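# Examining the three-dimensional arrangement
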Amino acid sequence: MNTSAPGSRRTIVPVLIIVVWSVSYLALGLLWAFGGPGYPFDAGRTGAGGTLLDPLPAAVGGGLLVMSALVAGAVAVLAARGPLNRAPAVVAVVAGAILAVLLPDVRIMMTAGYLPVMLAAALAGQAEFSMIATMLTWPSVNLLILMAAGVSLMLLGARALIRGSRHPGSPAGALRIGRYATAVAVAVPVVYAVTRFGWLLGVPVGISDQFLADIAEITPIGAGLSTLGLLGAVLTLGLVRPWGENWPRWVPFLRGLPIPARLPACTALAVSLPITSAGLMYVRKKLTGEQVGPAGAAGELGAWLPEMLWPLWGAALAVAALAYLARRRHPAHARRP
C-alpha cells in the first residue's frame, strides 16, 4: 500500500475497513445465498421489514451482498495503489450511499437516539429494561456494519472527487448555501418536536384525542427523542455562526481557540446518515401502503407526516456540513485576520 503522501496515509483506515468488510461479507453473502444461518434480513417471512433487502429471499439478498463486497473490494484495491480516478471514485460514492443510506432503515437511528432515552426512562421507572435489549440485535448491528463500510467507501470517493475539483467557490458562496441548508435542517426537527412535546402535554397536535389516549404511555419516549433533535438543531446553527468556528468562553481550557473544521462537519455528516435512512424507510412504507407509526396511525397526520420530512432534514444537514467545511478550508477564509 502506497503511504508516501499525506493524502495516501488518510486512506489507510477506510481502505482497511472496506477490505475487512469485503472479505467478511463475501463469505457471509455466499453462506446466506446457499441457505446458511444468521441471515440478518427479514427474507420476506413477514413482509414487515424496513430495509430494501427485507422483501427479498435470502438467496437473492445474499447474492446482492456478494456483488457489493466484490465492488467494494475492487475500490479498496485501487485506492491502496493510489488516488482513485473519477470513474471508480463515482462508483465508490454511489456504492457507499447504497450501503450507508438507501439500504438501512430506522433501526440505526433508533439505536443511537432511543437507546439513551430508553435507558433514562427505564431508570425513572417509565419503561422496561427488556425493551433496551430488543434494540441490540444482530440485524441492528449488521446495519451499523453496513453503514460503516458505506461511509468508508464514500470517504474514498469524495476525497478523490474533491481533489480533482478546480473550482472550490468562495467563502461567501459557501456561507450563503450553508444558511439555506441550515434553515431547513433546523426547521424539520422543530416541527417534529412541536408534535411530540404537544402530545406529552396532552395537546393532540395533528392527531385525534382518542389516538393520543391510546399512545399516552409512549409519549415520553417521543418527547425524549425530540429533545435530542432540538439539541442537534441548536448545534446545527453553529455551522453558520461565529461560535461554530471558535470554542465558546464557557468551555474550559479551549475557550477562544479555533474549532477543528472537521469536528463539526464530520459530526453533522455522521448524524445526517441515519436520519436520511430512517426517513427514506418511512417514505417507502407510506408509498407502498404499509403501516407507519403505531397501530391506527394511518389517519393521524401528525403521527407520520413529520417523519416524511426526515430525508430533507438529513440532506440539508449534509449540505450545511459540507458548506461549512468548504468555507473553513478555503484559502481566503484561512487568511482572514
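Not measured: the values here are computed from a predicted model.

With that settled, the discussion passes to the overall build of the protein. Looking only at helices and strands, the protein has 14 helices and zero strands in total. Of the regular secondary structure in the protein, the N- to C-terminal order runs α-α-α-α-α-α-α-α-α-α-α-α-α-α. Counting over 337 residues, the protein shows a buried share of 44%. Residue pairs in contact within the protein that sit at least 24 positions apart in sequence constitute 74% of those at least 6 positions apart. Only carbon and sulfur atoms are counted for the fraction: they give 71% of the accessible area of the protein, which is about 17300 Å².

Now for the nonpolar core. Trp21, Phe41, Leu84, Leu99, Leu146, Leu153 and Leu156 are the most contacted members of the largest nonpolar core, which has 34 residues in total. Among the elements of the structure, helix H2 (12-33), helix H3 (58-81), helix H4 (86-102) and helix H7 (138-163) are those that each provide at least two residues to this core. Element by element, the count of residues in this core is highest for H7, at eight residues. Judged by nonpolar contacts, the second largest core, of 30 residues, contains Val188, Leu239, Ala265 and Tyr324.

The next thing to look at is the environment of leucine 200. On the secondary structure map, leucine 200 appears in helix H8 (residues 171-200). A relative accessible area of 40% places leucine 200 in the partly exposed class. The sequence separation of leucine 200 and isoleucine 218 amounts to 18 residues, and the corresponding C-alpha distance is 9.0 Å. Apart from the residues lying within four places of it in its own chain, the contact partners of leucine 200 are Thr219, Pro220 and Ala223.

Attention now goes to a nonpolar patch on the surface. Residues Leu52, Val90, Val94, Ile98 and Leu102 make up a contiguous nonpolar surface patch of about 380 Å² in total accessible area. You can see isoleucine 98 is positioned in helix H4.

Here we come to the packing of aromatic side chains. Enumeration over the complete set of coordinates arrives at seven aromatic pairs. With a centroid separation of 5.1 Å and 20° between ring planes, the pair formed by tryptophan 21 and tyrosine 25 is classed as stacked. Residue tryptophan 21 and its partner tyrosine 25 are located together in helix H2, separated by four residues, close to a single helical turn. With a centroid separation of 6.1 Å and 80° between ring planes, the pair formed by tyrosine 25 and tryptophan 32 is classed as edge-to-face. An identical accessibility class is assigned to tyrosine 25 and tryptophan 32; each is buried. Chaining the aromatic ring pairs together yields one cluster made of Trp21, Tyr25, Trp32, Tyr39 and Phe41. Lysine 286 extends its terminal NZ or CZ atom over the ring of tryptophan 304, reaching a point 3.9 Å from the ring centre.

Between its first and last C-alpha atoms helix H13 (residues 310-329) spans 29 Å; for 20 residues at 1.5 Å apiece the expected length is 28 Å, and the two agree. Counted residue by residue, H13 has 14 buried out of 20 residues, so it is predominantly covered.

So, about the packing of H8 against helix H10 (residues 219-237). Relative orientation of the contacting elements H8 and H10 amounts to 155°, with a least axis distance of 8 Å. Classified by the angle their axes make, H8 and H10 are roughly antiparallel. Crossing handedness for the pair H8 and H10: left-handed. Across from Thr182, Ala185, Val186, Pro189, Val190, Tyr192, Ala193, Arg196, Phe197, Trp199 and Leu200 in H8, the residues of H10 making contact are Thr219, Pro220, Gly222, Ala223, Leu225, Ser226, Thr227, Gly229, Leu230, Ala233, Thr236 and Leu237. Residue composition of the contact of H8 with H10, grouped by class: 15 nonpolar, seven polar and one charged.

What follows concerns the side chain of glutamate 307. With respect to the helices and strands, glutamate 307 occurs in helix H12 (residues 301-308). At 2.9 Å, the side chain of glutamate 307 and the side chain of arginine 196 are in polar contact.

So, about the UniProt feature "transmembrane region" (unreviewed entry) in the protein. Under the local residue numbering, the UniProt record ascribes the feature "transmembrane region" (unreviewed entry) to residues 12-35, 56-80, 86-103, 143-162, 183-201, 221-240, 261-283 and 308-326. Secondary structure across residues 86-103 divides into 94% helix and 0% strand, with the first and last C-alpha atoms of the span separated by 24 Å. Helix makes up 100% of residues 143-162 and strand 0%, whereas the separation of the span's terminal C-alpha atoms amounts to 28 Å.

What follows is about the pattern of salt bridges. Summed over the entire model, instances satisfying the criterion amount to four salt bridges. Put simply, aspartate 105 and arginine 107 hold a salt bridge, and the shortest N to O gap is 2.7 Å. A relative accessible area of 3% places aspartate 105 in the buried class. Across the pair lysine 285 and glutamate 290 runs a salt bridge whose closest N-O atoms are separated by 3.2 Å. Here glutamate 290 falls in the partly exposed class, since its relative accessible area comes to 30%.

A contiguous patch of positive charge, built from Arg10, Arg163, Arg262 and Arg329, is present on the exposed surface. A relative accessible area of 53% means that arginine 329 is categorised as exposed.

Before going further, it helps to examine H10. Since there are 3.6 residues in each turn of an α-helix, residues three or four apart along the chain are aligned in direction. Its 19 residues give H10 an end-to-end C-alpha distance of 27 Å, which sits within 8% of 27 Å, the value for a rise of 1.5 Å per residue. Every buried residue of H10 is listed here: Thr219, Ile221, Gly222, Ala223, Gly224, Leu225, Ser226, Gly229, Ala233 and Thr236.

What counts, and where the lines are drawn
Residues numbered from 1 in each chain as written. Predicted model: local features only at pLDDT ≥ 70, side-chain atom pairs only at ≥ 80, totals over all residues. Heavy atoms only, no water. Helix = DSSP H or I, 4+ residues; strand = E, 2+ residues; numbered from the N terminus. Buried < 20%, exposed > 50% of the residue type's maximum accessible area, 1.4 Å probe, protein only. Contact = heavy atoms within 4.5 Å. Areas by Shrake-Rupley, 256 points an atom, 1.4 Å probe, with all protein chains shown as cover. Core = buried A, V, L, I, M, F, W, Y, C linked by side-chain atoms within 4.5 Å. Patch = residues over 30% accessible without salt bridge, like charges linked within 9 Å, V, L, I, M, F, W, Y side chains within 5 Å. Salt bridge = Lys/Arg side-chain N within 4 Å of Asp/Glu carboxyl O. Phe/Tyr/Trp six-rings, centres within 6.5 Å; stacked < 30°, edge-to-face > 60°. Lys NZ or Arg CZ within 6 Å of the ring centre and 35° of its normal. Expected span 1.5 Å × (residues − 1). Axes fitted to C-alpha atoms, helices over the stretch in contact; angles between N-to-C directions. Parallel < 35°, antiparallel > 145°, perpendicular 65-115°, else oblique. Left-handed = near helix turned anticlockwise from the far one by under 90°. Nonpolar A, V, L, I, M, F, W, Y, C, P; charged D, E, K, R; others polar. Polar contact = N/O pair within 3.5 Å; in protein donor to acceptor, adjacent residues only side chain to side chain. UniProt positions renumbered as here; feature names shortened; annotations may be inferred. Lys, Arg positive; Asp, Glu negative; His and termini not counted. Charge placed at Lys NZ, Arg CZ, Asp CG, Glu CD.

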